[in-house]
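# Architecture and fold: a report
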Amino acid sequence: MSLFTRLERWFEAPFLNRPNDKAEALQIVFDLSKVDDEDRRAFREYGHQLMAQRFPRAVFWLLLALIVLTPLDFVLFHDEPAILWKTLLIRYFVSFVLAIFISLARFTPIVTRAPVLTGFITACTCVFAWAWYASSLTGPDTHRFGPLYFISCISLIGLFSLPRRIIVASSLSLTAVVGYTLRSPSFLSDPLFSSVIGHLVFGTSFAIAFGQMVQRLTFRSFIQQLHLQRQQKELEGLNATLEERVAEQTQELRFLTRKIQSVAEEERRYIAQEIHDQLGQELTAMRFALAFARPHLVEPQSVSTLVELESLLARTNETMRRILTRLRPRVVEQLGLVRALQWLVEDRSTSSDIRGTFTSTPDDIDVDGELAATLFAVAQEGITNLLKHA
């Protein structure tokens, strides 16, 4: 186990061993041991891209603040020309360094390829210049040295691993000490030197701890978002598969429906053919038999019975014709859909008290035989219901 791994576990231990609800929530935040290497590589790439975007923006706003606040130096140090000159000099020098960094980010791929290295060099240069400036003004017990205590907090804008964060934060603090002592070597023997070092160590430790916590929280958020994106892609794939299966099932149902209709139509055709051939022939034979028997009957009662039989036979023929029309409308095959519908309306108007008309635009429609028979059956059923309930 490496030293940095032990430091990470030591940092996480106070949160993982507390037996309360808050500790459970913190354990969820810091327990990232189950994340695989692929997700960690994805987070490193994400952090690299984020720092490549974040560093130039931060430097730009810092440069803008330095330029905008320049008139403030003339207000604060108008009666101290020496301090004013030094302040303007350090302000222009830092602005120049920041402008170089922005130019590299804007016109070259250096910052995009190595955002940590370029940002680290820029930050160390600016910190060194600021420490040199603070040392040239007065001693470390003044407020001008105060920001150097937490100069390592600059590392908070980067998403670093713990080893890299320790190196960056410590280097920034060390750069501040070196820049200050090079300008004022006597500071090493100053009684306040140990106090300054203690403040710098505290500031560096705070920057490392707080930065590591932010990095962990960002890491967890990124992993959650990454998993949500993967689950969303899986759901989209499942939805696409489900849509394909639904389309296939719908196609199969349509095919089965057409098959059933085809079989039913074939069965109706067969039954209609049997009725027409067999029953029709028998009814025709009965009609000829009655016609042949009429001249041989002389009794009035027998003639009356024959008349009733002929009337019954005519009604039977009419019933058979209606059944055949409902089973298999041969008129559709013979006349076509439009003329068959016209015949249907005229036929129903003749056999009932309701008069109807039929118009079609265009005058003729070329429709498949099965579809034409289905449309005719729908119209026939509708007219039948109309006659029954109107």
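All residue numbers here refer to positions counted from 1 along the written sequence of the relevant chain. Local features in a predicted model are, by the rule used here, given only for residues with pLDDT of at least 70; side-chain atom pairs are given and counted only at 80 or more, and totals for whole chains, interfaces and linings are based on all residues. In computing side-chain values, all of the structure's heavy atoms are included and hydrogens and water are not.

### Some thoughts on the overall build of the chain
Elements are defined by DSSP. Helices are runs of H or I of four residues or more, strands are runs of E of two residues or more, and each kind is numbered from the N terminus. For the chain, the helix and strand inventory stands at 13 helices and 0 strands. Along the chain, from the amino end to the carboxyl end, the secondary structure elements read α-α-α-α-α-α-α-α-α-α-α-α-α. Looking at the chain as a whole, 30% of its 390 residues qualify as buried. Pairs of residues are marked as contacts when any of their non-hydrogen atoms sit within 4.5 Å. Of all intrachain contacts in the chain linking residues separated by at least 6 positions in sequence, the fraction that spans at least 24 positions is 72%. Calculation of accessible area relied on Shrake-Rupley with a 1.4 Å probe; when residues are assessed, cover is drawn exclusively from the protein chains displayed. A total accessible area of about 25600 Å² is found for the chain, and carbon and sulfur atoms account for 62% of it. Relative accessibility under 20% of the residue-type maximum defines a buried residue, over 50% an exposed one, and the middle range a partly exposed one, all with a 1.4 Å probe and only protein chains included.

### Digging into the packing of aromatic side chains
Each aromatic pair joins two rings of Phe, Tyr and Trp (for Trp, the six-membered one) with centres within 6.5 Å, and gets the label stacked for planes under 30 degrees apart, edge-to-face for over 60, and tilted for any other angle. One pass over the structure, following the stated rule, counts 10 aromatic pairs. Relative to Y46, the ring of F43 lies with its centre 6.2 Å away and its plane at 35°, an arrangement referred to as tilted. Of the two residues, F43 and Y46 both sit in helix 3 (residues 37-68), 3 residues apart, roughly one turn of that helix. Its relative accessible area of 6% is what places F43 among the buried residues. Y46 sits in the partly exposed class, given a relative accessible area of 32%. Between W130 and Y133 the ring centres are 5.1 Å apart and the planes differ by 40°, which places this aromatic pair in the tilted class. Here W130 pairs with Y133, and both are found in helix 7 (residues 115-137), just 3 residues apart, close to one helical turn. Here W130 falls in the partly exposed class, since its relative accessible area comes to 30%. Judged by its relative accessible area of 7%, Y133 falls in the buried class. These aromatic residues form a ring-pair network of at least three members: F43, Y46, F219 and F222.

### Description of the nonpolar core
Taken as a class, soluble globular proteins show a tendency for nonpolar side chains to be buried jointly. One finds V94, L98, L148, F160, L172 and Y180 to be the most contacted residues of the largest nonpolar core, which totals 37 residues. When residues of this core are traced back to their parent elements, those giving at least two are helix 3, helix 5 (81-107), helix 7, helix 8 (162-183) and helix 9 (193-293). For this core, the leading source of residues is helix 7, giving 10 residues. If we ignore the near neighbours within four places in the chain, the residues touching L98 are V59, L62, L63, L66, T122 and C126. Only buried residues count toward a nonpolar core, which is a set of Ala, Val, Leu, Ile, Met, Phe, Trp, Tyr and Cys residues joined through side-chain atoms within 4.5 Å.

### Concerning the confidence of the model for the chain
The predictor attaches a confidence to each residue, called pLDDT, with possible values from 0 through 100. When pLDDT is averaged along the chain, the result is 78; 83% of the residues meet or exceed 70. Note on residues 14-30: pLDDT under 50 across the span, and 12 contacts to partners over four residues away in sequence or across chains.

### What about helix 3?
With 32 residues, helix 3 should reach 46 Å at 1.5 Å per residue; the first-to-last C-alpha distance of 46 Å fits that figure. Along helix 3, the residues that are buried comprise D39, F43, G47, L50, M51, A52, F55, P56, V59, L63 and L66. Where the residues of helix 3 are buried, they touch helix 4 (70-76), helix 5, helix 6 (110-113), helix 7 and helix 9. A helix is expected to span 1.5 Å multiplied by its residue count minus one.

### Describing helix 12 (residues 337-350)
With 14 residues, helix 12 should cover 20 Å at 1.5 Å per step; its first-to-last C-alpha distance of 20 Å lies within 8% of that length. By the burial criterion, the buried members of helix 12 are L337, V338, A340, L341, L344, V345, D347, R348 and S349.

### A short note on the pattern of salt bridges
Side-chain pairing between opposite charges can occur once the charged atoms of the two side chains come close. Here, a salt bridge means any side-chain nitrogen of Lys or Arg that lies within 4 Å of a carboxyl oxygen of Asp or Glu. This structure, assessed with the given rule, holds 2 salt bridges. D39 serves as the salt-bridge partner of R230, at 2.6 Å between the closest nitrogen and oxygen. With R230 in helix 9 and D39 in helix 3, this residue pair connects regions lying 191 residues apart in the sequence. As a salt-bridge pair, D73 and R91 come within 2.7 Å of each other at their nearest N and O atoms. Taken together, the residues span a long stretch of sequence, with D73 in helix 4 and R91 in helix 5 at a distance of 18 residues. Like D73, the residue R91 is buried in the burial classification.

### Some remarks on the side chain of T70
Structurally, the position occupied by T70 is in helix 4. For T70, the contacting residues outside a window of four places in its chain are L88, R91 and Y92.

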